[in-house]
Amino acid sequence: EATEGRISAIESLFGASLTGIAYSLFAGQPLTILGSTGPVLVFEKILFKFCRDYQLSYLSLRTSIGLWTAFLCIVLVATDASSLVCYITRFTEEAFAALICIIFIYEALEKLFHLGEIYAFNMHNNLDELTHYSCVCVEPPNPSNETLKIWKEKNLTADDIFWGNLTVSECRTFHGVFVGSACSLHGPYIPDVLFWCVILFFTTFFLSSFLKQFKTKRYFPTKVRSTISDFAVFLTIVIMVAIDYLVGVPSPKLHVPEKFEPTDPSRGWIISPLGENPWWTLLIAAIPALLCTILIFMDQQITAVIINRKEHKLKKGAGYHLDLLMVGVMLGVCSIMGLPWFVAATVLSISHVNSLKVESECSAPGEQPKFLGIREQRVTGLMIFILMGLSVFMTSVLKFIPMPVLYGVFLYMGVSSLKGIQFFDRIKLFGMPAKHQPDLIYLRYVPLWKVHIFTVIQLTCLVLLWVIKASAAAVVFPMMVLALVFVRKLMDLCFTKRELSWLDDLMPESKKKKEDDKKKKEKEE
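- The name given to the protein in an unreviewed UniProt entry is Anion exchange protein, and the organism recorded there is Neovison vison.
- Looking at the protein in UniProt, the text filed under Subcellular location (unreviewed entry) is "Membrane".

1. Some points on the overall build of the protein
At step 1: The secondary structure content of the protein amounts to 22 helices and eight strands.
At step 2: Within the protein, the fraction of its 525 residues that count as buried is 46%.
At step 3: When contacts within the protein are restricted to residue pairs at least 6 apart in sequence, those whose partners lie at least 24 apart make up 79%.
At step 4: If you sum the accessible surface of the protein, you get close to 28,200 Å²; carbon and sulfur atoms cover 66% of it.

2. Topic: the packing of helix α4 (residues 90–118) against helix α20 (residues 477–490)
At step 1: For the pair α4 and α20, interaxial distance at closest approach is 8 Å and the crossing angle is 145°. Two packed elements cross with a definite hand, and for α4 against α20 that hand is right-handed. Of the residues in α20, those touching α4 at F91, T92, A95, F96 and L99 are F477, V481, L484, V485, V487 and R488.
At step 2: Across the contact of α4 with α20, the residue classes tally to nine nonpolar, one polar and one charged.

3. A closer look at the packing of aromatic side chains
At step 1: Enumeration over the complete set of coordinates arrives at six aromatic pairs.
At step 2: Ring centres of F14 and W269 lie 5.3 Å apart, and the angle between their planes is 65°; on these two criteria the pair is classed as edge-to-face. One end of the pair, F14, is in helix α1 (residues 9–26); the other, W269, is in the loop between α9 (232–247) and α10 (281–284), with 255 residues separating them in the sequence.
At step 3: When its relative accessible area of 22% is taken as the criterion, W269 is described as partly exposed.
At step 4: The ring centre of W341 lies 4.5 Å from the NZ or CZ of R62, which sits over that ring.

4. A closer look at α20
At step 1: In a regular helix each residue adds 1.5 Å, so 14 residues correspond to 20 Å; α20 covers 20 Å between its end C-alpha atoms and thus fits that length.
At step 2: Maximal helix bending in α20 amounts to about 25°, located at A483.
At step 3: Here α20 has its buried residues at F477, P478, V481, L484, V485 and R488.

What counts, and at which threshold
- Residues numbered from 1 in each chain as written.
- Predicted model: local features only at pLDDT ≥ 70, side-chain atom pairs only at ≥ 80, totals over all residues.
- Heavy atoms only, no water.
- UniProt positions renumbered as here; feature names shortened; annotations may be inferred.
- Helix = DSSP H or I, 4+ residues; strand = E, 2+ residues; numbered from the N terminus.
- Buried < 20%, exposed > 50% of the residue type's maximum accessible area, 1.4 Å probe, protein only.
- Contact = heavy atoms within 4.5 Å.
- Areas by Shrake-Rupley, 256 points an atom, 1.4 Å probe, with all protein chains shown as cover.
- Axes fitted to C-alpha atoms, helices over the stretch in contact; angles between N-to-C directions.
- Left-handed = near helix turned anticlockwise from the far one by under 90°.
- Nonpolar A, V, L, I, M, F, W, Y, C, P; charged D, E, K, R; others polar.
- Phe/Tyr/Trp six-rings, centres within 6.5 Å; stacked < 30°, edge-to-face > 60°.
- Lys NZ or Arg CZ within 6 Å of the ring centre and 35° of its normal.
- Expected span 1.5 Å × (residues − 1).
- Bend = angle between axes of the 7 residues up to and from the residue.

Right under this line is the structure:
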């Protein structure tokens, strides 16, 4: 939707499969899952709007920016720039992750509101007068030159067209006018569709959340519960598609081509970096490419830092450079083919790692199984992307998926990703009296007012990021993401090292609490 059909579902599936297979085979950390991320989509939107405002060919300019970005990523690899990840702390990481979650939630709700404009309904119905309502197509009173031209091309005059018999789409084609008490500004009122979309949207969200938490319920054996929980979103989509099909209200569906070809018929699989644009765009493209490189570097490395955390007990090395090299090379390939750009997706990668946890088999009755580590391999990543590529040939099934169901999944992904973010736990403390506050480890060692100052600074950064993303200055958005690292460095001046070690440590809350309780116990003994 952001690119008005230039890049759509089929390109996303094909691009993801291509990039993902290469990444799974050759990257340094194959546990990371690549995807089209929120910040990259923000960049694409800004670029598309810029091209539309200045009459430039979007796909061509995007290709030249992509090639520059790929080159700059490889330069970063060659100059050992990945060693800078040591400056990415929890402060930067969480502000960035929170922004992605909020983008997901906001976009989902915005799309739902947009459906309200497309499927307008009559707010002032008089139920007793429903028999009088009608909406008919009539000849335009003052046809414009464009309208006359359309008629001329079809060898018709206004008198030749039977206006009263035209369907809604035919009336729009001939530039007719809708008249009657059941007409909105853009055509007849559409009953039921918007309300059905709202029902689909929220039911998808709540059903996904319910099924995800199913493993904590008391019904069924453990294996069944965990399977339902693991496939929560998939099961929800299947259930909602079935319900939508049975009810039969014409909700908007996912638009995919019938066969394997680009969604936009005017483009091919290979895009020229110059196209119809003037020659100097090839050189100027280096400037937005610099911003795009910062964004991709931050997005890729922040996710990689999260995946390579100590608590995951990974045995194999990280490989930040090799990961970035693969992302850079595939970015260039995707640019030439006019496919979306793929970098490490935070939410998907965390889900992937969680699904590969190994726990101890033998434990005494009532004892929690011990976490032993992660199954480190390339098979799951490779299979994910091979299956994703094969889904290109399932377009006949994909076209049954209603759009509001996908928006509901977006909302669910955004909300569920907020759960593990410490930043949101600290925001809740603002409205909590001291006696109701949970026993959080940092509250044991850092005064509450200091915790609030830390949260306010982080919240200010997040609001600034959002304002810049939504304003005309959106082009500098990647620079602001980078600025988070410097803001965190400045905080060394107003917080002690000890306070920051509790507030801004990458180690998870539960582990720190266990260690702290252990120390206290030893002291008491």
